[in-house]
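Take a look at the letters that make up each chain.
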Amino acid sequence: MDKGNVSSITELLILGFPDVTGYKAVTFFIVILILYILTLLINMMVIVLVSIRTQLHSPMYFFLQQLSIIESVFLTVIVPNMLHVVWLEGATISVTGCITQTYVYCAVGCTECHLLTVMAFDRYLAICNPLRYNTIMDTRLQRLLVIYCWVCGFLLTQVTLNFLCQLEFCGSHVIDHFFCDLVPFVELTCDKLALQLEILILSFPIIVIPFFLVIVSYIYVFVTIFGISSATGRKKTFSTCSSHLTVVTLYYGTLITIYMVPADGYTLTINKSIAFLYIVVTPLFNPIIYCLRNQEMRAVLEKLFSRRRKN
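Residues numbered from 1 in each chain as written. Predicted model: local features only at pLDDT ≥ 70, side-chain atom pairs only at ≥ 80, totals over all residues. Heavy atoms only, no water.

A. Structural detail: the overall build of the protein chain. Looking only at helices and strands, the protein chain features twelve helices and three strands. In summary, the protein chain has a C-alpha radius of gyration of 21 Å against a globular reference of 19 Å for 311 residues, a match within 12%. Taken over the C-alpha atoms alone, the protein chain extends approximately 70 × 45 × 35 Å along its principal axes. For the protein chain, the share of sequence-separated contacts (at least 6 apart) that also reach a separation of at least 24 residues comes to 79%. A total accessible area of about 15400 Å² is found for the protein chain, and carbon and sulfur atoms account for 67% of it. (Helix = DSSP H or I, 4+ residues; strand = E, 2+ residues; numbered from the N terminus. Rg over C-alpha atoms; globule rule 2.2 N^0.38 Å. Contact = heavy atoms within 4.5 Å. Areas by Shrake-Rupley, 256 points an atom, 1.4 Å probe, with all protein chains shown as cover.)

Here you go:
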């Protein structure tokens, strides 16, 4: 395809789920809509509870609140347009709109990666340096760490934005996915190798290095926990970080599979399924995991619901 034809491409077709048609598409649309609304409501509940309940005014819950904010933004960037694609059984989007969605999606995802690392660092300080924890992790540091996560997320993915804006499309203008992800762009560009290399290089500061820091933090945490003499003490200490560890495992497991496993290793259907899990399901499970596995959060919820029953 010559550059004249390349520059004439202004819209891309997002296929969504071609096998889901008719009444199945309507059912799928309703399921996604319910999951979306439910996830937003649960995350909003976490945001509000951490804001108004004094017993939740600690660094761990402050970072949990930020995680809920990030995941609410993350969902809203993808799901509304995804619902549009599912309802119409495929829909067009402008190249500019597609690149914008990819950039914001990647930026918010990068922000979440770094926030999960900050949360691991917080657990390291709380368990390995409990006497200095409140002194080190003061309000100022908490805010600086959150600002760092957002700034780092949008600055790192600026490279991706610049790269996507210079892409030349060859052949098809069809994206076999349910949103504008980076991976499907590989099939559209004239220089597939360059985009694949860019994805791999950026995965190190966005995925690999944060994940490595999380692992290092938890190595120190586990060493400290195993050094506790009583079984009750070990169980109680581990419970303070088990929720975060579960969330990290789910998040990075799907993220590494999508962006670091060679694309030839699985089909597009599997890629969509993993992406659906990562984008729609995981943000619903994360606050639920924290609420169910955290005693203070459970206590606040039980107190709240018991008051409503009395009223």
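B. Layout of the state of the cysteines. Inspection of every chain in the model, using the stated rule, returns one disulfide. One disulfide bridge connects C98 with C180, the sulfur atoms lying 1.9 Å from each other. Judged by the sign of its S-S torsion, about -115°, the bond between C98 and C180 is left-handed. Highlighted residues: C98 in helix α4 (residues 95-128) and C180 in the loop between β3 (174-175) and α8 (182-188), separated in sequence by 82 residues. C180 shares its class with C98; the two are buried. We note that C106 lacks a disulfide partner, and the nearest cysteine sulfur, in C110, lies 8.9 Å from it. Free cysteine C113: the closest other cysteine sulfur is in C110, separated by 6.3 Å. (Disulfide = S-S within 2.5 Å. Buried < 20%, exposed > 50% of the residue type's maximum accessible area, 1.4 Å probe, protein only.)

C. Local environment of a nonpolar patch on the surface. A contiguous nonpolar patch, built from L197, L200, I201, F204, I209, F212 and L213 and spanning about 670 Å² of accessible area, is present on the exposed surface. The residue F204 is located in helix α9 (residues 192-226) in this model. Looking at F204, the relative accessible area reads 40%, which means it is partly exposed. (Patch = residues over 30% accessible without salt bridge, like charges linked within 9 Å, V, L, I, M, F, W, Y side chains within 5 Å. Salt bridge = Lys/Arg side-chain N within 4 Å of Asp/Glu carboxyl O.)

D. Here's a closer look at the sheet that holds strand β1 (residues 11-14). Sheet architecture is open: three strands sit in the order β2-β1-β3, paired in mixed fashion. The strands lining the two open edges of the sheet, one partner per strand, are β2 (91-94) and β3. In this structure, β1 lies alongside β3, joined through two bridges in parallel fashion. If you follow L13 over to β3, its bridge partner there is V174. Against the sheet, helix α3 (residues 59-88) makes contact with β1 and β2, and its axis sits at roughly 145° relative to β2, the strand it touches most. Strands in contact with α4 are β1, β2 and β3; relative to β2, the strand with the most contacts, it is inclined by about 85°. (Pairing = 2+ DSSP bridges. Axes fitted to C-alpha atoms, helices over the stretch in contact; angles between N-to-C directions.)

E. The arrangement of the packing of α4 against helix α10 (residues 231-259) in detail. As a packed pair, α4 and α10 sit with axes 11 Å apart at the nearest point and diverge in direction by 150°. It follows that α4 is roughly antiparallel to α10 by the angle criterion. α10 is crossed by α4, and the crossing has left-handed handedness. Counted together, Y105, G109, E112, C113, L116, T117, M119, A120, R123 and I127 of α4 and T237, T240, C241, H244, V247, V248, Y251, Y252, L255 and Y259 of α10 form the full contact between these two elements. (Parallel < 35°, antiparallel > 145°, perpendicular 65-115°, else oblique. Left-handed = near helix turned anticlockwise from the far one by under 90°.)

F. Looking closely at the pattern of salt bridges. Summed over the entire model, instances satisfying the criterion amount to two salt bridges. We note a salt bridge from D122 to R123, for which the minimum N-O separation is 2.9 Å. Exposure class is identical for D122 and R123. Each is buried. The partner of K272 in a salt bridge is D176, with the nearest N and O atoms 2.8 Å apart. Remark: D176 occurs in the loop between β3 and α8 and K272 occurs in helix α11 (residues 268-293); sequence separation between them is 96 residues. Given a relative accessible area of 8%, K272 falls into the buried group.

G. How the structure looks around the confidence of the model for the protein chain. Across the protein chain, the average pLDDT comes to 84, with 91% of residues at or above 70. Element-level mean pLDDT values for the protein chain span from 46 in helix α1 (residues 3-8) up to 94 in helix α6 (residues 139-156). A low-confidence stretch, residues 1-7 (pLDDT under 50), is modelled with eight contacts involving residues beyond four sequence positions or located in other chains. (pLDDT = per-residue confidence, 0-100.)

H. Fine view of the UniProt feature "transmembrane region" (unreviewed entry) in the protein chain. According to UniProt, the positions carrying the feature "transmembrane region" (unreviewed entry) are residues 25-50, 62-82, 102-125, 145-164, 199-229, 241-261 and 273-292. Segment residues 62-82 splits into 100% helix and 0% strand. End C-alpha atoms: 30 Å apart. For residues 102-125, the helix share is 100%, the strand share is 0%, and the end-to-end C-alpha distance is 35 Å. (UniProt positions renumbered as here; feature names shortened; annotations may be inferred.)

I. Seen up close, the nonpolar core. Within the largest apolar cluster, 96 residues are counted, with the highest numbers of intra-cluster contacts made by L12, F63, Y105, F185, Y259 and I279. Residue contributions to this core peak at 16 residues, all from α4. If we ignore the near neighbours within four places in the chain, the residues touching F63 are L115, V118, M119, D122, M137, Q142, L145 and V146. (Core = buried A, V, L, I, M, F, W, Y, C linked by side-chain atoms within 4.5 Å.)

J. Up close: the packing of aromatic side chains. Here the structure, examined in full by the defined rule, presents 20 aromatic pairs. Ring plane angle 80° and centroid distance 6.5 Å describe the contact between Y105 and Y278, whose orientation is recorded as edge-to-face. Placement of Y105 in helix α4 and of Y278 in helix α11 is noted, with a sequence separation of 173 residues between them. For the pair shown, Y105 and Y278 are each scored as buried. Centre to centre, the rings of Y251 and Y278 are 5.4 Å apart; their planes meet at 55°, and the pair counts as tilted. A residue pair is termed long-range when its members are at least 10 positions apart, and Y251 in helix α10 and Y278 in helix α11 qualify at 27 residues. (Phe/Tyr/Trp six-rings, centres within 6.5 Å; stacked < 30°, edge-to-face > 60°.)

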